[in-house]
Amino acid sequence: MESFELNKIAGGVLAALLLMFGSRTLMDVVAKEHKPEKAGWALPINDAPAQGASAQPAAAFNAAEVVALLPKANADAGQDVFKRCQQCHTQDKAGKNLVGPNLWGVVGRKVGGAAGFPYSDAVKGHGGEWNWETLAAYLHDPKAAIPGNKMAFNGIKDTAELADLLVYMRKLSDTPAALPK
C-alpha cells in the first residue's frame, strides 16, 4: 500500500467523523426547540443581605473554652495537627528558624522573642508572653489576634484540635508549662 492510499483512507475516516458529529451540531444550531431562554449557565448564588440589613454575626472566639479543654486534650492528636505547622516552623530544641520561628519552648516565651528571627513590627510591638490564652487566640485566628503580623495561616477553628495542638506544643520544652486545672 502506498502512502497516497493511506492518505485517502485517513481522509475518508475523518470525513465520516465530520459528517456524523457535524450534522448533529448543525441540527442543534438550526433547531429552535433546543435554544435556551438565556445564553450561559445559571449559577446558584446566595444573595447578600440588602443594604441596611445586618448579617448574622459570627460567634466570638473564647480562648477560655480552649483552655478548659487542655487537661483532657490529647498530645498525640496534637502532634498530627502540628504537621500543618511544619511547613514553616521547626520544633527541635536546636532547630533553625524557617519562614516562621522555631517553636521549641514557645509556651511561656516572650511574644516575638525567638532569637534570630526577623519578626514583623506588629509582633515586635505586641508585648506579653505566649501563655495558654494568647496562644489559643493567636492560633485560632492569627490576623485578628495580632493585626499586621505576617503569618499566612488562617488558623485552627476547631477548639478540640486547638487544645490538642497546645498540649503537644507544651511538650516542646525542657520544663513543660503546667496545665490549667
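Keep in mind that what you see is a predicted model, and the values were worked out from it rather than measured.

## A word on the packing of helix α5 (residues 132-140) against helix α7 (residues 159-170)
The angle between the axes and the distance between the axes are what describe a pair of packed helices.
Argument step 1. Two elements in contact, α5 and α7, have axes separated by 11 Å at closest approach and are oriented at 125°. As the angle between them shows, α5 and α7 are arranged oblique. Crossing angle aside, the handedness with which α5 passes α7 is right-handed. Along the contact surface, α5 presents Trp132, Leu135, Ala136, Leu139 and His140, while α7 presents Leu162, Leu165, Leu166, Met169 and Arg170.
Argument step 2. Class assignment for the residues of the contact of α5 with α7 results in eight nonpolar, one polar and one charged.

## Examining the state of the cysteines
Argument step 1. According to the stated counting rule, one finds zero disulfides in the structure shown.
Argument step 2. Left unpaired, Cys85 is separated from the closest cysteine sulfur, that of Cys88, by 8.7 Å.
Argument step 3. For Cys88, a relative accessible area of 30% corresponds to the partly exposed category.

## A word on the packing of aromatic side chains
Argument step 1. The full count for this structure, using the stated rule, is three aromatic pairs.
Argument step 2. The interplanar angle of 55° and the centroid separation of 5.4 Å between the aromatic rings of Phe82 and Tyr168 together place this pair among those described as tilted. With Phe82 in helix α3 (residues 75-82) and Tyr168 in helix α7, this residue pair connects regions lying 86 residues apart in the sequence. For the pair Phe82 and Tyr168, one class covers both residues: buried.
Argument step 3. With 4.9 Å between their ring centres and 70° between their planes, Phe117 and Tyr119 make a pair best called edge-to-face. There is no split in this pair, since Phe117 and Tyr119 are both buried.

Rules behind the numbers
- Per-chain numbering applies: the sequence of each chain, read as written, is numbered from 1 onward.
- Totals for whole chains, interfaces and linings use all residues, but because this is a predicted model, local features are given only for residues with pLDDT of at least 70 and pairs of side-chain atoms are given and counted only at 80 or more.
- To obtain the side-chain values, all non-hydrogen atoms of the structure were used and water was disregarded.
- Convention adopted: a line fitted to C-alpha atoms gives each axis, helices being fitted over their contacting stretch, and angles between N-to-C directions are expressed from 0 to 180 degrees.
- Helical segments are the DSSP runs of H or I of at least four residues, strand segments are the runs of E of at least two, and each set is numbered from the N terminus.
- Working definition: roughly parallel below 35 degrees, roughly antiparallel above 145 degrees, roughly perpendicular at 65 to 115 degrees, and oblique for all remaining angles.
- Should the near helix be turned anticlockwise from the far one by less than a right angle, the crossing is termed left-handed; should it be turned clockwise, right-handed.
- We call two residues in contact when some of their heavy atoms are within 4.5 Å.
- Note that Gly is not counted as nonpolar here; it falls among the polar residues with everything else outside the nonpolar set of Ala, Val, Leu, Ile, Met, Phe, Trp, Tyr, Cys and Pro and the charged set of Asp, Glu, Lys and Arg.
- Put simply, a disulfide is two cysteine sulfurs that come within 2.5 Å.
- Buried residues are those whose accessible area, probed at 1.4 Å on protein chains only, stays under 20% of the maximum for their type, while exposed residues exceed 50% and partly exposed ones sit between those limits.
- Ring pairs are drawn from Phe, Tyr and Trp, using the six-membered ring of Trp, whenever the two centres fall within 6.5 Å, and their geometry is named by plane angle: stacked under 30 degrees, edge-to-face over 60, tilted for the rest.

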